[in-house]
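Given next are the chains, with one letter for each unit.
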Amino acid sequence: MSFFPIFDVSEFFSTLSDEVKEDVNSKVPERKASALSRLRESLPTIFDLSYIKHVIVPAFLTSVYQGEKLSLPMIDEERLTKENALPYYFWGLLYENWEPNQEEDGLSVFIQGYEKRGDDNRRKRIYYSAVTPDLYRPIYGDKVVKFFDQLFDKKNAGKPLMRQYLDNYFDLYWDLHLGVKGDAVPPEVREIGESFNTVLAYRDPTQEIVYENYIRVRDRRKFLKEWIDQRVEDVVKANVADPEKTFVYYWIKNGEEGEDFRRKDVVFECFHNFVALSQWGNTIYNIMSKLSKNTGDSDVRAWFKKTMESDYDQANDSSFTPLDRFVMELFRTISPNTGSISAMGEVRKPPYDRYGYIISPHKPTSEYPRHWENPSKFDPDRYKDAPTSDQIDEAKSKEIGFAQCPFHKATFEVKDGRKAELTNSIFGTVYGIADDKAFPVCDYAGYAPFGFGYRRCPGELLTIEVFKDFFRKVWNDKIEFEKLDLPDPKKLPVGPTTVVDDNIGFTKTML
C-alpha cells in the first residue's frame, strides 16, 4: 500500500495502547494525542474519526506475507486458518460494528475455519450444492448466454467494452442469486455492489476514492441486507419466477436453514459473493487482452482457433474436453485470484493488537517447474493426463507416502430432489457426482488458480462453464478483440486489486 509518507508510523504505533483504540476522542497522554493528531493531519479532511480508527489504523497494523509455492494441494488447516482470514480493515464493509459479528449477522464459508464448518466441511458442501456443473446448462446457462448476447450486441462494437460489462454485471449477479434483475434491483443495491468492488480494486484506505466508496457501502448495507432477506423469502415461497434457477434455492434446500447454513448465512453469502464473482471482470479483461488482434498473445490466439475447430465439447478419453482444457490453461496463466489468504497467529502476544496474514500464491505455484515441464508454455494439452479429484483416493495417499489420508472421504447427499452428492479427495477437495457421473477438478498443486484442497473455490466449475459460453459466443459470432487507440481511456475497477484502462473493444463479422 502507498500510505502518506509525511507521517512517522513507527512513532505513532510506539504510543498505541488499548486506551487509544477504545476511543479516539478520549483524553490520552500528550504524546499519544499528538501522534493521533498528526495522523489525522496527514489524511484528507473528509475522513471521519471512525474510519481512521477502524480502517486506517488497522491497515497500518496489518502485515501480509508471501507464502510458499506448495508441492501438494494442501494448506495446513490449523496454523494457516480461514477463520476471519480477511485483512482487518475490511470488516467494516461486512459488519456494522467494524468487526466480525457472526452469530448475529451471519458469515461466509470463505472466512470460517475448517473446524467450525460442521462435519466433513459441510458448509462448503452446502455452498457447492448450488454451483455444481450438472446445474449449469439447465438452470443457469440461459442467464449467462443472454448476458453475453447483450454484451456483444452490435451496438457495443468499437466501444470500450468493460464499461458495458460493469453496467450489466449486477443484473446477472442478482438473477443468479435471487432471480431478480432490471427494475427489480433497486439503485441502492446496484450502488453498494459497485462501491464494494471499487474498494476491493483500489484497496489503499488512504485514497479518497476508497474512503468514499467504503462509507457508501456502510450507509447502504442495512438496506441491502433487508432487501436480500425479503428476496430470499420470495425464493422460499416461490414468489419469483423459477425459484429453482437461483443459488439461494439450493442453499436453502440443502442447508435446511440449520446451524451449518443458517438463513442469515444465506443472506450473507449473497453479498459476500461480491468478492468471488467480481473476479469475472478482471478475467474477461485479461482474456480479451490475450486474444486482441493487435496486441494479443499469438500462442493463445492459435490455441483458441485450434480448440474451436475441433470437437471442443467432446472429452473422449480425457477427464476434460478441449474447451475445458483451453479455459483451464487460461486460468492457470492469468490466475484471476492472486492467492489463498490465511490468518496466522503470533508466537508471543504483541503489546497491541495487530494482524498477520499469509498468501499461498496461485500463479507462482501454477508456473513452478517442479510441477510441469515447460511451465511457461501455453499448452492446454497438459491436462490430458493431470491427476483429478476422483483419482486421489486411499491408494494414492499411500503412494504419496502418507500414513493415512489427510482428509477421510465423506459423502453429502443433496436434498433438493437431484440424485447428486458432494464428496472429496484425500486433499479435502470437494467435487460433485450427479446421476452416477463424477465432475472432478484437476487436483494438483500445479493447477492453482482456484486454490488448494479443502480450500478450493467451490465456484470453480461454474466459472469454467461461464467462460466456455463466452468463447462459444466469440467463436460463433466471429468476434475479434482489439486495443482501441484512445487518448484518455477511463480507469475502471474491474476486480480485486485490478484497475484497468477501458481500452479494449471488439469487431464483429456477423452483425
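Computed from a predicted structure; not experimentally measured.

(A) Main features of the overall build of the protein. Regarding its fold elements, the protein presents 19 helices and 11 strands. Considered along the principal axes of its C-alpha atoms, the protein spans approximately 75 × 60 × 55 Å. Here the protein, with 511 residues, has 57% of them falling under the buried criterion. Once local pairs closer than 6 in sequence are excluded, the contacts in the protein between residues at least 24 apart make up 71%. Split by element, the accessible area of the protein, about 22,400 Å² in all, is 46% carbon and sulfur. With 71 positive and 84 negative side-chain charges, the protein shows a spacing of 2 Å between the two charge centroids.

(B) Layout of the environment of P440. Position of P440 among the secondary structure elements: in the loop between β7 (437-439) and α19 (460-476). Owing to a relative accessible area of 12%, P440 belongs among the buried residues under this scheme.

(C) Structural context of the packing of helix α11 (residues 208-236) against helix α12 (residues 247-255). Interaxial distance between α11 and α12 falls to 10 Å at its minimum, and their mutual angle equals 75 degrees. Classified by the angle between their axes, α11 and α12 sit roughly perpendicular to one another. Contacts from V232, V235 and V236 in α11 reach V248, Y249 and I252 in α12. Here the residues of the contact of α11 with α12 sort into 6 nonpolar, no polar and no charged.

(D) Looking closely at the sheet that holds strand β2 (residues 339-343). With mixed pairing, the 3 strands of this open sheet are ordered in space as β1-β3-β2. Looking at the sheet topology across the chains shown, the edges are occupied by β1 (62-66) and β2. Sheet twist, expressed as the mean angle between neighbouring strand axes with direction ignored, is 25 degrees.

(E) Here's a closer look at the packing of aromatic side chains. For the structure on display, the rule yields 48 aromatic pairs. Each ring, one from Y173 and one from W174, has its centre 4.8 Å from the other, and the planes form 80 degrees; the classification is edge-to-face. Each member of the pair, Y173 together with W174, is buried. Taking the centre distance of 5.9 Å and the plane angle of 75 degrees together, the rings of F326 and F378 count as edge-to-face. Note that F326 is positioned in helix α16 (residues 322-334) and F378 in the loop between α17 (363-366) and α18 (394-400), a separation of 52 residues in sequence. When its relative accessible area of 8% is taken as the criterion, F378 is described as buried. For K69, the ring lying beneath its charged end belongs to Y368, and the centroid distance is 4.8 Å. Above the face of the W372 ring, R382 is positioned so that its terminal group lies 5.0 Å from the ring centre.

(F) Representation of the sheet that holds strand β4 (residues 412-413). Pairing is antiparallel in the open sheet, where 4 strands are placed in the order β4-β5-β6-β7. At either margin of the open sheet sits one strand with a lone partner, and together these are β4 and β7. Direction of pairing for strand β5 (residues 420-424) relative to strand β6 (residues 430-434): antiparallel, over a ladder of 5 bridges. Bridging from a neighbouring strand, T423 pairs with Y431 of β6.

(G) Just the pairing of β5, in detail. Of all 5 residues making up β5, 4 are buried, and the element is well covered by its neighbours. Strand direction decides the pairing type here: β4 and β5, joined by 2 bridges, are antiparallel. Bridging from a neighbouring strand, F412 pairs with L422 of β5. Linkage of β5 to β6, two consecutive antiparallel strands, is achieved through a turn of 5 residues, within which G428 is found at a positive phi near 85 degrees.

(H) Representation of the packing of helix α15 (residues 298-308) against α16. Across the interface, α15 lies against α16 with an axial gap of 9 Å and an inter-helix angle of 165 degrees. When the interaxial angle is binned, α15 and α16 end up roughly antiparallel. Like other packed secondary-structure pairs, α15 and α16 cross with a definite hand, here left-handed. Touching V300, W303, F304, T307 and M308 of α15 are P322, L323, F326 and L330, all from α16. Each residue belonging to the contact of α15 with α16 can be placed in one class, and the counts come to 8 nonpolar, 1 polar and no charged.

(I) Up close: the confidence of the model for the protein. Confidence in the prediction of the protein, expressed as mean pLDDT, is 92, and 93% of residues score 70 or more. Across residues 1-11 the pLDDT falls below 50, and counting only partners more than four positions away or on other chains, this stretch makes 26 contacts in the model. Here residues 16-28 is a poorly scored stretch, pLDDT under 50, and it has 22 contacts once near neighbours within four places are set aside; other chains count.

(J) Quick look at the nonpolar core. Among the nonpolar cores identified, the biggest contains 137 residues, and W174, F470, F471 and F481 are the most heavily contacted of them. Considering each element in turn, this core owes the most residues, 11 residues, to helix α9 (residues 161-178). With residues near it in sequence (within four places) discarded, F481 still touches F152, L161, M288, L291, S292, K293, F470, V474, I504, G505 and F506.

(K) Main features of the pattern of salt bridges. According to the stated counting rule, one finds 43 salt bridges in the structure shown. Between R218 and E96 there is a salt bridge, with the nearest N and O atoms lying 3.8 Å from each other. Within this pair, whereas R218 is found in helix α11, its partner E96 is found in the loop between α5 (91-94) and α6 (102-105), the two being separated by 122 residues in sequence. On the basis of relative accessibility, which here comes to 13%, the residue R218 falls in the buried class.

(L) Layout of the side chain of D469. Position of D469 relative to the elements: it lies in helix α19. A distance of 2.6 Å separates the side chain of D469 from the side chain of Y136, its partner in a polar contact. At 2.9 Å, the side chain of D469 and the side chain of R472 are in polar contact. When residues no more than four places from it in sequence are discounted, the contact partners of D469 are Y136, R137, G141, V144, V145 and F148.

Calculation notes
Residues numbered from 1 in each chain as written. Predicted model: local features only at pLDDT ≥ 70, side-chain atom pairs only at ≥ 80, totals over all residues. Heavy atoms only, no water. Helix = DSSP H or I, 4+ residues; strand = E, 2+ residues; numbered from the N terminus. Buried < 20%, exposed > 50% of the residue type's maximum accessible area, 1.4 Å probe, protein only. Contact = heavy atoms within 4.5 Å. Areas by Shrake-Rupley, 256 points an atom, 1.4 Å probe, with all protein chains shown as cover. Lys, Arg positive; Asp, Glu negative; His and termini not counted. Charge placed at Lys NZ, Arg CZ, Asp CG, Glu CD. Axes fitted to C-alpha atoms, helices over the stretch in contact; angles between N-to-C directions. Parallel < 35°, antiparallel > 145°, perpendicular 65-115°, else oblique. Nonpolar A, V, L, I, M, F, W, Y, C, P; charged D, E, K, R; others polar. Pairing = 2+ DSSP bridges. Phe/Tyr/Trp six-rings, centres within 6.5 Å; stacked < 30°, edge-to-face > 60°. Lys NZ or Arg CZ within 6 Å of the ring centre and 35° of its normal. Left-handed = near helix turned anticlockwise from the far one by under 90°. pLDDT = per-residue confidence, 0-100. Core = buried A, V, L, I, M, F, W, Y, C linked by side-chain atoms within 4.5 Å. Salt bridge = Lys/Arg side-chain N within 4 Å of Asp/Glu carboxyl O. Polar contact = N/O pair within 3.5 Å; in protein donor to acceptor, adjacent residues only side chain to side chain.

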